[in-house]
Amino acid sequence: MTVLSGISSRWAQLTHANVVVEFIDVTLRGCAQVMFQNNPLTGLIFFIAIFIAAYGEGNPAAAYGCVLGTVVATLAGLSLPDRKAWLAGLYGYNGCLVGVALPTFLVMTPMVWGCIVIGSLVAVIATVCIADILKTWKIAALTAPFVLTTWVILLASYAFSDLHSSGLPSPALPHSEVGEVALAWMGTALYASIFHGISQVYLFSSVIAGILFVIGLAVSSLWAAVFAVAGSLLALLTASLLSANGLSIEAGLYSFSAVLTAIALGSTFNQPSWRVLAYTLIGVVFTVFVQGAMNTLLAPIGIPTLTMPFVLASWLFLVPNQDVMPPHRQA
Amino acid sequence: MTVLSGISSRWAQLTHANVVVEFIDVTLRGCAQVMFQNNPLTGLIFFIAIFIAAYGEGNPAAAYGCVLGTVVATLAGLSLPDRKAWLAGLYGYNGCLVGVALPTFLVMTPMVWGCIVIGSLVAVIATVCIADILKTWKIAALTAPFVLTTWVILLASYAFSDLHSSGLPSPALPHSEVGEVALAWMGTALYASIFHGISQVYLFSSVIAGILFVIGLAVSSLWAAVFAVAGSLLALLTASLLSANGLSIEAGLYSFSAVLTAIALGSTFNQPSWRVLAYTLIGVVFTVFVQGAMNTLLAPIGIPTLTMPFVLASWLFLVPNQDVMPPHRQA
Amino acid sequence: MTVLSGISSRWAQLTHANVVVEFIDVTLRGCAQVMFQNNPLTGLIFFIAIFIAAYGEGNPAAAYGCVLGTVVATLAGLSLPDRKAWLAGLYGYNGCLVGVALPTFLVMTPMVWGCIVIGSLVAVIATVCIADILKTWKIAALTAPFVLTTWVILLASYAFSDLHSSGLPSPALPHSEVGEVALAWMGTALYASIFHGISQVYLFSSVIAGILFVIGLAVSSLWAAVFAVAGSLLALLTASLLSANGLSIEAGLYSFSAVLTAIALGSTFNQPSWRVLAYTLIGVVFTVFVQGAMNTLLAPIGIPTLTMPFVLASWLFLVPNQDVMPPHRQA
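Residues numbered from 1 in each chain as written. Chains lettered and ligands numbered in written order. Predicted model: local features only at pLDDT ≥ 70, side-chain atom pairs only at ≥ 80, totals over all residues.

Caption draft 1: Spatial organisation of the overall build of chain A. Looking only at helices and strands, one finds 16 helices and zero strands in chain A. In terms of C-alpha radius of gyration, chain A reaches 19 Å, essentially the compact-globule figure of 20 Å for 331 residues. Its C-alpha atoms give chain A principal-axis dimensions of roughly 60 × 55 × 40 Å. When burial is assessed residue by residue, chain A has 62% of its 331 residues classed as buried. Considering only intrachain contacts with a sequence separation of at least 6, the fraction spanning at least 24 residues in chain A is 70%. (Helix = DSSP H or I, 4+ residues; strand = E, 2+ residues; numbered from the N terminus. Rg over C-alpha atoms; globule rule 2.2 N^0.38 Å. Buried ≥ 20, exposed ≤ 12 C-beta atoms within 10 Å, placed from the backbone. Contact = placed C-beta atoms within 7 Å.)

Dropping the structure here:
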């Protein structure tokens, strides 16, 4: 750890001395802020995880798109007056996710690279807009700017014949999931599924990336890492108990929003305590319900939920914070 | 009435002396608050109506679920700092409705009883959340916490094979209602339909329950009872004039939201006057349009509107209250 | 221009002397406010354009409905305390659009004329409601009251067999637009399409009406006229580049929301500058994406987007105004 803190203070000096290093620092923090961490080393580890996962799934464009989106959004943030938010990477994380999401769901063409640029610009405007609206109730924008911007582009892809789906769900009326032995998979796959759930925050289904994300979190906040793993496990158990689709559970699709809810409620916006733990537990379980609900809600229009279940569940649990939590527990 | 007020003051003494009696008192008020009444006797009469209707329709779980939901929500409300809101039953009414709604639309299993508990807990958090947001514009949460929480669970039931629909509408693209002689039913059935509309506030289609709800209202506020009956009648006439589906009109499905709008605009948040009467009249008629619109809107995702048409129409008409009503008319 | 200003000052005298002339003045301003102009002459030219277009498309009811809606809404506005807003026509423009939209999408019957009256009344209440909510963030209601009120009536038309669709899109699951040579039309039709895009703000596809709307704008604000034409052109190019449906582009259906975004961001709520120009450009391009997205979003429920893409995109870009624009640039 002494080595780490040595490197860390050397890096801090460099960022003050050199605007290029500063820009790299803020871009890395942008990537880390997807999981609420204001730490360039976390961002570096996250980017490594993203490249490994993207190449592993044969879709390197997702990694390069991620870099492009974070850089464009961070550049755009330079023109805004709130320097403190910029330095913390708070203008970068939504562009970061736009850059991963578009190559995941659309066939990459020059037009889609252009969409990443426009989407990342709009995501910055949306970040300011939503933050302005939500400060009335003292809550954060979370990943809502990413979700709304990406939804617009993905929905528009049906109307624009130059944007082609590569992974969008086909529009269909919802039908009831047929009961199957969802618990069967749990023996061997539990361990893998926990990390799938974590790496799905960045839309990948990769054990090694999931482990790297946990390490990246731990570098910045041990509690965040603990809540990420526990949140993923709890979501898996809840979805299994309710007999959700086994393949979806296994791929982490019922966990990624719950992972973010767990980190947000458990460690970012509250300080860990028994009361916070109980509150977070209800929040994580309810996030799984919201995930199932939004899968149904969006079925007819053929777009994925992205991290909206996390956003909605967390807003629901964060607005009452001032009434529910003792004053010194509020972030 | 002297007998009633004697019992009433004796009861008030008991609630101060005994925490169990107090808890029962607050639970009863929770049930009464669904129709905006802060009165334990009203709540008692409402619970009786609910048991009669639930057994009459062969679905007693709806009545026991209602008690469970109100009790869980009232218990959860104990942990919140706003004691005055708790005493008025304002944390109980959304759980009360969650407890009726889930057994109405889902096959009862131990899992669904668990969903009533989680749903009632989340409804309390949603009550605080929505009230916090809406106090910016000085309007109340109404039944929005119930509707949103229940929608999440009902939508999720499509994704979770351990939750089975027993009464959810099948997801379908909307199609135009075929013109039929909707007015034909009105001769004999008008009287029954008025009370169906009132009992549908609690999701039942029962004349005797409807009459008991009106009596329960009258015990607390004569104006509320008058507006409930008049609202139900006006909604029936509006829906008939527009030729909505005859069976739906007859079952009270175009009236229950209008009943709540009539009580809310006419007697709860305004004091009766000619100006208020005209405003309420437009509000009730528009609620019928919102009911028809939401039936179409939700058709593809296979969930019922619940009382959302009332919530939306009432918010629309209550926000401008300070501009539209003279100061002394505002509640 | 001296003649014009002579007429103008004579007219101003008349409006002060005669309540009927004043009412006509405010009604004309109501029509002009659809495109943000507080000018009775603009309103007169707009009404002329509307009559020409409505008769030209064989649907005169759209023109008479437009007059009826504006008059009813202006009358209803008389009962509200904000006299300044009333005089500027700010209670009239949503009723004006309700009156055009209902005859465009529904078969005209006495019932639908009644719906125009109710819809215009509710649009005034919605205007006060939404303005009250949005003043928290210092943004305007734009045409949201019109869109929401009209959506409710159009959605309800599926449930009420006395309301018949004459032009509603059939509810259908979204499917990907098949690639066609969208750019082929652009040679000869470009000029016509620019004006179609402007006249589609009032739901018409008429070159002559489009030209009259531009003249009406120019009478009040040259910048508004310039931004309307430039916005329509930019939207056409964006939609063509993305290969949207050629017939829709040609009819101006990808442009009308962008026209309003261009006027709003470029000239109404900001003063023209290079920074504003860049911001408006991104806003107009993104409005085209929102238009495509909402076409997909609304496909299953069979209603048109109306001007909601403009409303959403403009709110998104107007909320951050105080952070993004230098103070003296804010309207």
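Caption draft 2: How the structure looks around the interface of chain B and chain A. Every contact between the two is made by 28 residues of chain B and, on the other side, 30 residues of chain A. Mapped by element, the contributors of at least two residues to the side of chain B that touches chain A are helix 7 (110-134) and helix 8 (144-159) of chain B. With nine residues, the top contributor of residues to the side of chain B that touches chain A is helix 7 of chain B.

Caption draft 3: Focus on the interface of chain A and chain C. On the side of chain C, 30 residues touch chain A, which itself brings 28 residues to the contact. Contributing elements (two or more residues each) for the side of chain A that touches chain C: helix 7 (110-134) and helix 8 (144-159) of chain A. Top contributing element to the side of chain A that touches chain C by residue count: helix 7 of chain A, with nine residues.

Caption draft 4: View of the relation of the copies chain B and chain A. For these two chains of identical sequence, chain B goes onto chain A by a turn of 120° and a shift of 0.0 Å along the axis, with RMSD 0.0 Å. The two molecules are tied by a three-fold rotation axis, judged by turn and shift. The C-alpha atom lying nearest the rotation axis in chain B is that of P300 of chain B; the distance is 4.0 Å. In this assembly the copies use different faces: only 7% of the residues contributing to the interface of chain B also contribute to that of chain A. (Least-squares fit on C-alpha atoms with pLDDT ≥ 70 in both.)

Caption draft 5: View of the packing of helix 10 (residues 207-220) of chain C against helix 11 (residues 222-241) of chain C. Residue and element names in this part refer to chain C. Between helix 10 and helix 11, whose axes approach to 5 Å, the crossing angle comes to 145°. Between helix 10, through V214, L217, A218 and S220, and helix 11, the contact on the second element is made entirely by L222, A224, A225, A228 and V229. Classifying every residue of the contact of helix 10 with helix 11 gives eight nonpolar, one polar and no charged. (Axes fitted to C-alpha atoms, helices over the stretch in contact; angles between N-to-C directions. Nonpolar A, V, L, I, M, F, W, Y, C, P; charged D, E, K, R; others polar.)

Caption draft 6: Representation of the environment of A278 of chain A. Within the element layout of this structure, A278 of chain A appears in helix 14 (residues 274-298). As for A278 of chain A and G266 of chain A, which are separated by 12 residues in sequence, their C-alpha atoms are 9.4 Å apart.

Caption draft 7: Broad picture of the packing of helix 2 (residues 19-32) of chain A against helix 3 (residues 40-56) of chain A. Residues and elements named next belong to chain A. Two numbers describe how helix 2 lies on helix 3: the axes approach to 7 Å, and their chain directions differ by 70°. Relative to helix 3, the element helix 2 is oriented roughly perpendicular. In this structure, helix 2 meets helix 3 at a crossing whose hand is left-handed. Contacts between helix 2 and helix 3 pair D25, L28, R29, G30, C31 and A32 from the former with P40, T42, G43, L44, F46 and F47 from the latter. Its residues placed into classes, the contact of helix 2 with helix 3 shows seven nonpolar, three polar and two charged. (Parallel < 35°, antiparallel > 145°, perpendicular 65-115°, else oblique. Left-handed = near helix turned anticlockwise from the far one by under 90°.)

Caption draft 8: Focus on the nonpolar core. Residues A228 of chain A together with A228 of chain B are the most contacted members of the largest nonpolar core, which totals 379 residues. Not counting the four nearest positions on each side in its chain, A228 of chain B is found in contact with I198, V214, L217, V259, A262 and I263 of chain B. (Core = buried A, V, L, I, M, F, W, Y, C linked by C-beta atoms within 7 Å.)

Caption draft 9: Region of interest: the relation of the copies chain A and chain C. Each copy superposes on the other: chain A lies on chain C with an RMSD of 0.0 Å after a rotation of 120° and an axial shift of 0.0 Å. Taken together, the interface assignments show that only 7% of the residues at the interface of chain A recur at the interface of chain C, consistent with different surfaces on the two copies.

Caption draft 10: Spatial organisation of the confidence of the model for chain A. All names here are of chain A. For chain A, the average pLDDT comes to 93, and 94% of its residues sit at 70 or higher. Residue range residues 327-331 is modelled with pLDDT below 50. Its contacts to residues more than four positions away, or to other chains, number 10 contacts. Scored as a whole, the predicted complex attains pTM 0.95, and scored at its interfaces, ipTM 0.94. (pLDDT = per-residue confidence, 0-100.)

Caption draft 11: Expanded view of the domain arrangement of chain A. Residue and element names in this part refer to chain A. Parsing chain A into structural domains produces domain 1 (10-159) and domain 2 (182-329). If you look at the interface, domain 1 gives 31 residues, while domain 2 gives 32 residues. Ranked by the residues each element gives to the side of domain 1 that touches domain 2, the list is headed by helix 3, at 10 residues. In terms of residue class, the side of domain 1 that touches domain 2 is built from 23 nonpolar, seven polar and one charged. (Domains from an automatic or database assignment.)

Caption draft 12: Region of interest: the environment of F105 of chain B. Residues and elements named next belong to chain B. With respect to the secondary-structure elements, F105 resides in helix 6 (residues 93-105). F105 gets classed as buried once you count the C-beta atoms within 10 Å, which come to 22. Residues in contact with F105, not counting those within four places in the same chain, are L154, S165, S166, G167 and L168.

Caption draft 13: Representation of unusual backbone geometry within the structure. All names here are of chain B. Phi at S243 takes a positive value of approximately 60°, unusual for a residue other than glycine. Among the structural elements, S243 can be located in the loop between helix 11 (222-241) and helix 12 (246-250). Judged by local crowding, S243 falls into the buried class, with 21 C-beta atoms found within 10 Å. Notably, L306 is not glycine yet its phi reads approximately 50°, a positive angle. Position of L306 relative to the elements: it lies in the loop between helix 14 (274-298) and helix 15 (308-318).

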